[in-house]
Amino acid sequence: MGRRSRGRRLQQQQRPEDAEDGAEGGGKRGEAGWEGGYPEIVKENKLFEHYYQELKIVPEGEWGQFMDALREPLPATLRITGYKSHAKEILHCLKNKYFKELEDLEVDGQKVEVPQPLSWYPEELAWHTNLSRKILRKSPHLEKFHQFLVSETESGNISRQEAVSMIPPLLLNVRPHHKILDMCAAPGSKTTQLIEMLHADMNVPFPEGFVIANDVDNKRCYLLVHQAKRLSSPCIMVVNHDASSIPRLQIDVDGRKEILFYDRILCDVPCSGDGTMRKNIDVWKKWTTLNSLQLHGLQLRIATRGAEQLAEGGRMVYSTCSLNPIEDEAVIASLLEKSEGALELADVSNELPGLKWMPGITQWKVMTKDGQWFTDWDAVPHSRHTQIRPTMFPPKDPEKLQAMHLERCLRILPHHQNTGGFFVAVLVKKSSMPWNKRQPKLQGKSAETRESTQLSPADLTEGKPTDPSKLESPSFTGTGDTEIAHATEDLENNGSKKDGVCGKFYALDPSFPRMNLLTRTTEGKKRQLYMVSKELRNVLLNNSEKMKVINTGIKVWCRNNSGEEFDCAFRLAQEGIYTLYPFINSRIITVSMEDVKILLTQENPFFRKLSSETYSQAKDLAKGSIVLKYEPDSANPDALQCPIVLCGWRGKASIRTFVPKNERLHYLRMMGLEVLGEKKKEGVILTNESAASTGQPDNDVTEGQRAGEPNSPDAEEANSPDVTAGCDPAGVHPPR
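Some details on the overall build of the chain
So, point 1. The secondary structure content of the chain amounts to 26 helices and 31 strands.
So, point 2. Out of the 736 residues belonging to the chain, those deemed buried represent 59%.
So, point 3. Across the chain, the fraction of contacts at a sequence separation of at least 24, relative to all contacts at a separation of at least 6, is 75%.

Rendered as structure tokens:
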């Protein structure tokens, strides 16, 4: 087996960070999403204890606390995801409703501990709790909180993510204009953090930066897509490559082809995972130093490849969920040594106030799986040279070792803040790597805002196919070639109502980036239109033969089955509405919070059920797709304080929303409503308000089948793998 094949196998097998990131991919992992207990297992490994006591990674006098912490179940941690105003509303809801209900609550005579914020995570957006899933399910007092956690996790507004896993993205110090590479990204919790940072300003639909998220495992790439899709960003691309040989890409800059260097790189490498023992309990019986010895070479190759693609002045974070210096300091020391001054360890000691960590060590030894120690390479017998390599030892030269500042590395120990074990090192690139040619320096903000040359429509349709790039959904097969095709002609072709998106119908702003629209195919009717940022489009066009693209783009329009009857053949898709809305100047209806409640709880409410202001805006509009916009009232602090944009359909006498169920439930909760159930036949969601009201709801559901309304997207898109993402009507369960 060649080195590259062996490296790919190791990357696929050695992924204990799955346990670290919790239940993110659905399936069996989802069933254990809020579990805190484990079957009985003997949590002993004498070789483990002997090894780390010898290396002295734990401060003197703390060994007992260290081992006691490792034997305790890991507290559940959650991170509030999404963009700023929405995240703040979820936080407000958690603190002022659900957490308050936990105060002074007892289950089986034991006082329930109220969740606490992680002291070092900004803006109280990360919390930890000792509540297990068993306790959550057992107590009727916790039922509402449990339902809230499950539903908001499914919709992507809350992420179950281990605390230490949140550290690397924070230390990358991402800005919205940064080009970012996430080298070993699946299952995607760190990737979503990076996307959130790009969209720090919700008023900017297309940040200049982007995230290219890579993973070696094709199946795990779909977990990654599932995570990233929840944030509906046009600035994310998922690719499938061996991280140690990820291709070098090109971009077009003012008509010139230039190598793409990244401003930020996350290098969270496959590792032995002994820092995850509190969750991944199999490590107790399987732990051996052989895992670290086998992974060291791969980790160094991945880190080296990342350093090669980092821009001068850029920042790369190297991280593992291992405590072993062979996977940690040894990799960093070897990388620094071969860089010959091109890389430096950054001092990040003040960047996360409140985080407790131990400085990196400068001396360590290598131990074989049978307990034999070696202090330097010269002492290693020739028969061991395939297993033990010179890069695993600390540098011999004291001055060189001191100049590396390995103490700037961060090792997180479990007993210091009740977390898992973790290692982080932040590297800054000062100059080109010695074996590379000179590269352009990282420019300031002004230089990075320059416009890349716009390609003509012919450039996109005549380009070569992108190797299995099926720019349409989070679950395509990844085989075969698919053309990247633009849809500019659809927007401009208002003469053909059947096929045109009709820019005039939505009064699209002249600044709308038409060239950034993509379709699944160049032939036949286009069923969905997708949007990417200008910068990602540049990457796609100039690297069609180099990249194995799994997914990119967000759906912004869906074809109506009966679109020929209207002025526009396409309706707006909820998935991409926050990106598209700033460019739409027509067919917008401003609604009140009470209107939103009605629209989200009833499938087809008649105009008369809505406010007079809403009716006056809707009555003169032609039938077809509309935007429903709620603007928060700062004078009414009790009202929802984040804007909401919904896709809808103006029918003959009613309005229906095209919003996935989880998203509807999310907005209803944010408005203070408890969802009690659903009358599936009538398409009505029952809330605490509707249950308290008298009388039966009007039977409006037949309005959706009246002439002039589109068919249910369930039937329309039954064969589409992306049917859950943005085109589902209220009252219809998105298929799983």
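From this point, the discussion proceeds with the structure in view.
Some thoughts on the side chain of Gln 299
So, point 1. Along the chain, Gln 299 turns up in helix α13 (residues 289–308).
So, point 2. Setting aside residues no more than four positions away along its own chain, Gln 299 makes contact with Val 269, Pro 270, Cys 271, Tyr 318, Glu 327 and Val 331.

Remarks on helix α14 (residues 329–339)
So, point 1. Counting buried residues in α14 gives 9 out of 11 residues, a clear majority hidden from the surface.
So, point 2. Within the span of α14, buried status applies to Glu 329, Ala 330, Val 331, Ile 332, Ala 333, Ser 334, Leu 335, Leu 336 and Ser 339.
So, point 3. Just beyond α14, the residue with positive phi is Glu 340, at close to 55°.

Concerning the packing of helix α22 (residues 593–601) against helix α24 (residues 661–670)
So, point 1. Contact geometry for α22 and α24: axes closest at 10 Å, N-to-C directions at 145°. Between α22 and α24 the crossing geometry is left-handed. Listed contacts from α24 to Lys 597, Leu 600 and Thr 601 of α22 are Arg 664, Tyr 667 and Leu 668.
So, point 2. Of the residues belonging to the contact of α22 with α24, the class tally is 3 nonpolar, 1 polar and 2 charged.

Regarding the sheet that holds strand β27 (residues 624–630)
So, point 1. Taken in spatial order, the 4 strands of this open sheet run β26-β27-β28-β29, and their pairing is mixed. Looking at strand neighbours, the two that pair on one side only are β26 (588–591) and β29 (655–657), the edges of this open sheet. Across the sheet, the mean angle separating the axes of adjacent strands is 40° when strand polarity is ignored.
So, point 2. Sheet topology places β27 next to strand β28 (residues 644–650); 7 bridges connect them, and they run antiparallel. Its bridge partner lying in β28, Lys 629 is registered against Val 645.

Comments concerning the pairing of strand β19 (residues 422–429)
It is a general feature of regular strands that their side chains alternate between the two faces of the sheet.
So, point 1. Among the 8 residues in β19, 8 count as buried, and that is most of the element.
So, point 2. Residues of β19 alternate between two faces, with Phe 422, Val 424, Val 426 and Val 428 on one and Phe 423, Ala 425, Leu 427 and Lys 429 on the opposite face, all of them buried.
So, point 3. As judged from the 3 bridges shared by strand β14 (residues 343–345) and β19, these two strands associate in the antiparallel manner. Among the inter-strand pairings, Glu 344 is bridged to a residue of β19, identified as Val 428.
So, point 4. Here strand β18 (residues 410–412) pairs with β19 via 3 bridges, running antiparallel. Along β19, the bridge assignment pairs Arg 411 with Phe 423.

Things to note about the state of the cysteines
So, point 1. Summed over all chains, the structure comprises 0 disulfides.
So, point 2. You can see Cys 184 has no disulfide; the closest cysteine sulfur is in Cys 267, sitting 6.0 Å from it.
So, point 3. Cys 184 gets classed as buried once you look at its relative accessible area, which sits at 3%.
So, point 4. The thiol of Cys 321 is not disulfide-bonded; the next cysteine sulfur, from Cys 271, is found 3.2 Å away.

Quick word on the side chain of Asn 543
So, point 1. Residue placement: Asn 543 occurs in the loop between α20 (534–542) and β23 (549–552).
So, point 2. Polar contacts involving the side chain of Asn 543 include one to the main-chain carbonyl oxygen of Gln 250, which spans 2.7 Å.
So, point 3. Not counting residues up to four positions away in its chain, the partners in contact with Asn 543 are Leu 249 and Gln 250.

Section: the packing of helix α6 (residues 84–102) against α24
So, point 1. Taken N-terminus to C-terminus, the directions of α6 and α24 make an angle of 60°; their axes are 10 Å apart at the nearest point. As summarised for this structure, α6 and α24 are arranged oblique, according to the angle between their axes. Once α6 is placed against α24, the crossing between them reads as left-handed. Residues His 86, Glu 89, Ile 90, Cys 93 and Tyr 98 of α6 form the contact with α24, whose own contacting residues are His 666, Tyr 667, Arg 669 and Met 670.
So, point 2. Across the contact of α6 with α24, the residue classes tally to 5 nonpolar, 2 polar and 2 charged.

Scoring rules and cut-offs
Residues numbered from 1 in each chain as written. Predicted model: local features only at pLDDT ≥ 70, side-chain atom pairs only at ≥ 80, totals over all residues. Heavy atoms only, no water. Helix = DSSP H or I, 4+ residues; strand = E, 2+ residues; numbered from the N terminus. Buried < 20%, exposed > 50% of the residue type's maximum accessible area, 1.4 Å probe, protein only. Contact = heavy atoms within 4.5 Å. Axes fitted to C-alpha atoms, helices over the stretch in contact; angles between N-to-C directions. Left-handed = near helix turned anticlockwise from the far one by under 90°. Nonpolar A, V, L, I, M, F, W, Y, C, P; charged D, E, K, R; others polar. Pairing = 2+ DSSP bridges. Disulfide = S-S within 2.5 Å. Polar contact = N/O pair within 3.5 Å; in protein donor to acceptor, adjacent residues only side chain to side chain. Parallel < 35°, antiparallel > 145°, perpendicular 65-115°, else oblique.

Function-wise, these values are silent; they only describe arrangement.
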